[in-house]
Amino acid sequence: MWSFHSECTSEVRLVGKTVVITGANTGIGKETARDLYRRGARIILACRNIQKANDALKDIKTNFPSKKDRKQFQGNPGDLVIYRLDLSSLKSVKECAKNLLTNESAIHLLINNAGVMMCPQETTEDGFELQLQTNYIGHFLLTLLLLPKMQSSGPGCRILNVSSLIHNYGAIHDDLNLKKSYTPFKAYAQSKLANILFTKELARRLKGANINGINVYSLHPGVITTELGRHFSTTIFPGASTFFRLLMQPVFKNSEQGAQTTIYCSVDEKAADETGLYYKECRVAIPQWRAQNDQIAKDLWNQTCRLLHLECDENFAKFLKTVSCQITE
Ligand SMILES: NC(=O)c1ccc[n+]([C@@H]2O[C@H](COP(=O)([O-])OP(=O)(O)OC[C@H]3O[C@@H](n4cnc5c(N)ncnc54)[C@H](OP(=O)(O)O)[C@@H]3O)[C@@H](O)[C@H]2O)c1
């Protein structure tokens, strides 16, 4: 058992709030959903595997967080709903956003949690490297498509991007898709650095557009026993997924412990006055130098817009309108 892990102690209830969590059918996303559901929120499990999402929904409904007597879990729970979302398909991202915009009257919290790690080299149907699209580009587009709805749901809205300590080993490469220099680790590290840079640049653009009701956070959740290492046996050595899980189990966090920094950034009152920052162990942390660099953040934003065929207007409101048009294409 991990000897130290911080906990989100906020007693905030989320009655009347709607939360979208990507990749909420297992791991950290599922435990985040369990906590926020018991705080009274309407939770949207945005998942690609609907059977697994249904199983997760039943489990979340039946089982409380381990510290069920806490004040934040007293009172009625919220709702649980499933939407289909495959982040490795821009078509699916647009469809999911369209369904959310049509069916939900408000979105207060968007938790970009889904991720894949160190998978074999694969190109998506949209022509992007799989880890880049799943971890970063899919969330970039989803966020921008949902922003107008969040704007009308505010103030007090939050967007979270679940990154990783591994971002420390990442750089943003001219060839984002790493066509000629792919390694599973390099692609993962780049995608997780991109999560932090996106957070920083989005916060800057929101501020510049005087949109004050939406704060943006990125975070490292810790090192946790989840299904994230499912590709290790293919990309490191046969049996590596099991080997690392068994070897590291005693020092890994469990998923509930691993969800604490996500929950902190979602609800904590102190974090309400902060935006554009990176967190670990339920407090602000300093990411690597590239993640603090304004120019790298801006360049990545522009490069991503080019990949998505979005005209990168400095007028943010105008830019969001252009993005919204994508949904009808
Ligand atoms: N575990 C750690 O130690 C650790 C450390 C640092 C950062 N993180 C980050 O934490 C986040 C959650 O990871 P986890 O540890 O909870 O891993 P996990 O147990 O493998 O969960 C990942 C989730 O992402 C979903 N997902 C993967 N590809 C998707 C796609 N194309 N479209 C939609 N959903 C997709 C998975 O759905 P399926 O079940 O359908 O595949 C699953 O629900 C990730 O962003 C990861 O990078 C984890």
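Scroll up to find the structure.
All values reported here derive from a predicted model rather than from experimental measurement.

Parameters at a glance
Residues numbered from 1 in each chain as written. Predicted model: local features only at pLDDT ≥ 70, side-chain atom pairs only at ≥ 80, totals over all residues. Heavy atoms only, no water. Phe/Tyr/Trp six-rings, centres within 6.5 Å; stacked < 30°, edge-to-face > 60°. Helix = DSSP H or I, 4+ residues; strand = E, 2+ residues; numbered from the N terminus. Buried < 20%, exposed > 50% of the residue type's maximum accessible area, 1.4 Å probe, protein only. Contact = heavy atoms within 4.5 Å. Salt bridge = Lys/Arg side-chain N within 4 Å of Asp/Glu carboxyl O. Pairing = 2+ DSSP bridges. Axes fitted to C-alpha atoms, helices over the stretch in contact; angles between N-to-C directions.

*Asks:* Talk me through the packing of aromatic side chains; I want residue IDs and the actual numbers.
*Replies:* By convention here, two paired aromatic rings are described through the distance between centres and the angle between planes. For the structure shown, the criterion picks out eleven aromatic pairs. On the basis of an interplanar angle of 65° and a centroid distance of 5.9 Å, the ring pair of Tyr136 and Phe140 is categorised as edge-to-face. On the criterion of helical spacing, the pair formed by Tyr136 and Phe140 is a turn pair, its members being four residues apart in helix α4 (residues 130-153). The class of Tyr136 is buried, set by a relative accessible area of 1%. With relative accessibility at 0%, the residue Phe140 sits in the buried group.

*Asks:* Please provide a residue-by-residue account of helix α9 (residues 260-267), values included.
*Replies:* Among the eight residues in α9, eight count as buried, and that is most of the element. Buried residues of α9: Gln260, Thr261, Thr262, Ile263, Tyr264, Cys265, Ser266 and Val267, and no others. In this structure, the buried residues of α9 make contact with α1 (27-38), β4 (109-112), β5 (157-162), β6 (214-220), α8 (255-258) and β7 (277-280).

*Asks:* Please give an account of the pattern of salt bridges that cites residues and values.
*Replies:* In total, this model carries 17 salt bridges according to the counting rule given. For Lys200, the salt bridge identified is with Asp294, shortest N-O distance 2.9 Å. Note that Lys200 is positioned in helix α5 (residues 184-208) and Asp294 in helix α10 (residues 294-307), a separation of 94 residues in sequence. Of the residues examined, Asp294 reaches a relative accessible area of 48% and is grouped as partly exposed. For Arg205, the salt bridge goes to Glu314, with nearest N and O atoms at 3.7 Å.

*Asks:* Requested: an account of the environment of Leu144, with residues and values cited.
*Replies:* Secondary-structure assignment places Leu144 in helix α4. Each C-alpha atom, one on Leu144 and one on Asn161, is 13 Å from the other, the two residues being 17 residues apart in sequence. Setting aside residues up to four positions removed in sequence, Leu144 forms contacts with Leu202, Trp301, Phe319, Leu320 and Val323.

*Asks:* Before we move on, could you go through the sheet that holds β5 and cite the residues and values that matter?
*Replies:* Strand pairing in a sheet takes place through backbone hydrogen bonds and is either antiparallel or parallel in direction. Spatial ordering of the open sheet is given by β3-β2-β1-β4-β5-β6-β7-β8, a layout of eight strands whose pairing is mixed. Each edge of the sheet is formed by a strand with only one pairing partner; in this case those strands are β3 (79-84) and β8 (283-285). Strand-to-strand twist in this sheet, taken as the mean axis angle between neighbours without regard to direction, amounts to 25°. In this structure, β5 lies alongside β6, joined through six bridges in parallel fashion. Paired with Cys157 across the strands is Ile214, a residue of β6. Across the sheet, helix α3 (residues 90-103) touches β1 (18-22), β2 (42-47) and β3, and the angle it forms with β3 is around 140°.

None of the figures reported here should be taken as evidence of function without further support.
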